2 protein chains.
Amino acid sequence: MARKLLENKDSCSMLHTINIIGTKWKPLILYLLANKSVRFGKLLFFMEGVSRKVLTDQLRELEEDGFILRQKFGEVPPRVEYSLTDKGKSFLPVLKQMCDWTIQWNPEVSFMDCKIVLPAED
Amino acid sequence: MARKLLENKDSCSMLHTINIIGTKWKPLILYLLANKSVRFGKLLFFMEGVSRKVLTDQLRELEEDGFILRQKFGEVPPRVEYSLTDKGKSFLPVLKQMCDWTIQWNPEVSFMDCKIVLPAED
DNA sequence: GCCATAAGTTACTTTTTAGTTACCGCAATT
DNA sequence: AATTGCGGTAACTAAAAAGTAACTTATGGC
């Protein structure tokens, strides 16, 4: 349950970033939530290969770190929707740049556009 | 030895990025190589907590993926220097943006500047 | 002849991460 | 009255990642 993080006594920004987002599933979760809120079951469906336990754990940590919002509706059967907070949204340009970079360097993924559409600035 | 990657039959750019760079140590290695070539022993020293075995594995994979160059000098005792390829260098702006984001959102790391200095464009 | 040195490799053990199965709550449907 | 659906949780097991300790290689210095 307790996360094991890299030592970071000098508060290195790179290490901090890795500790907070550098996992297998977290970037993908933020990516899937980029444009809309999504239900738990949908995330489970989209993220082929993840177990509900691991998904739950990752969502809890993202919530704890202020990236996502968990909204529970008082219905039966239960409905829970996850969405990005402002902090979560502010991370999207980073993910976008990562995807852009990947498309540039990997012809085999170039046909697929990055799903992240950044909201227009004002 | 064989890496275990996420399924990605639709060639999703996000998944691809995670598969190629989304690990504990790889971003940090690229970060440490940002401005100069570095010897194996130095990397081991800088990366507190990593074992030589894991460092070797990560370096091999980064080399395999074209991010870094391994230069072996014919000396005894041996000297091996690692440096970024063009592909590796092209990933630096992504890491830079990650660090910038982290500094923005985490006051406790704000005093420390990101070590990555991007080469001037022409 | 023996030791030190740098960058590994190998075989083995430990730790960490992830998956599995069973179960819960509760209203609506059958 | 039993069943379905969703979003979990708990206890347990399996798999993956990482750590450890010993060994290697070849030369120069003592």
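As shown above, the structure is provided for reference.
Along every chain, residues carry numbers that run from 1 in the direction the sequence is written. Lettering for chains starts from A, numbering for ligands starts from 1, and both go in the order in which the items are written. At least 70 in pLDDT is required for a residue's local features to be given in this predicted model, at least 80 for side-chain atom pairs to be given and counted, and no such filter applies to totals for whole chains, interfaces and linings, which use all residues. Computation of side-chain values: all heavy atoms of the structure, hydrogens and water removed.

### Structural notes on the pattern of salt bridges
Residues and elements named next belong to chain A.
Moving on, step 1. For salt bridges, the criterion is a side-chain nitrogen of Lys or Arg within 4 Å of an Asp or Glu carboxyl oxygen. A full pass over the atoms with the stated rule returns 16 salt bridges over all chains.
Moving on, step 2. In this structure, K96 and D100 form a salt bridge, with 3.2 Å as the shortest nitrogen-oxygen distance. Placement of the pair is K96 and D100 together in helix α6 (residues 92–105), with a separation of 4 residues, close to one helical turn.
Moving on, step 3. Judged by its relative accessible area of 23%, K96 is partly exposed.
Moving on, step 4. In this scheme, a residue with accessible area under 20% of its type's maximum is buried, one over 50% is exposed, and one in between is partly exposed, where area comes from a 1.4 Å probe on protein chains only. Given the relative accessible area of 35%, D100 is considered partly exposed.
Moving on, step 5. Shared partners join several salt bridges into a network, and the residues in it are R3, K26, E61, E64 and D65. In this text, helices come from DSSP runs of H or I with a minimum length of four residues, and strands from runs of E with a minimum of two, each type numbered from the N-terminal end.

### A look at the sheet that holds strand β2 (residues 68–73) of chain B
Residue and element names in this part refer to chain B.
Moving on, step 1. Read across the sheet, 3 strands follow the order β1-β3-β2 without closing on themselves; strand pairing throughout is antiparallel. This sheet does not close on itself; its edge strands, each paired only once, are β1 (38–39) and β2.
Moving on, step 2. In this scheme, strands are said to pair when DSSP sees at least two bridges between them. With 6 bridges connecting them, β2 and strand β3 (residues 79–84) associate as antiparallel partners. Pairing of K72 across the sheet is with V80, part of β3.
Moving on, step 3. Contacts are assigned to residue pairs that have any heavy atoms within 4.5 Å of one another. The convention used is that axes are lines fitted to C-alpha atoms, helices contributing only their stretch in contact, and that angles between N-to-C directions extend from 0 to 180 degrees. Together, β2 and β3 form the strand contacts of helix α4 (residues 52–64), whose direction differs from that of β2 by roughly 115°.

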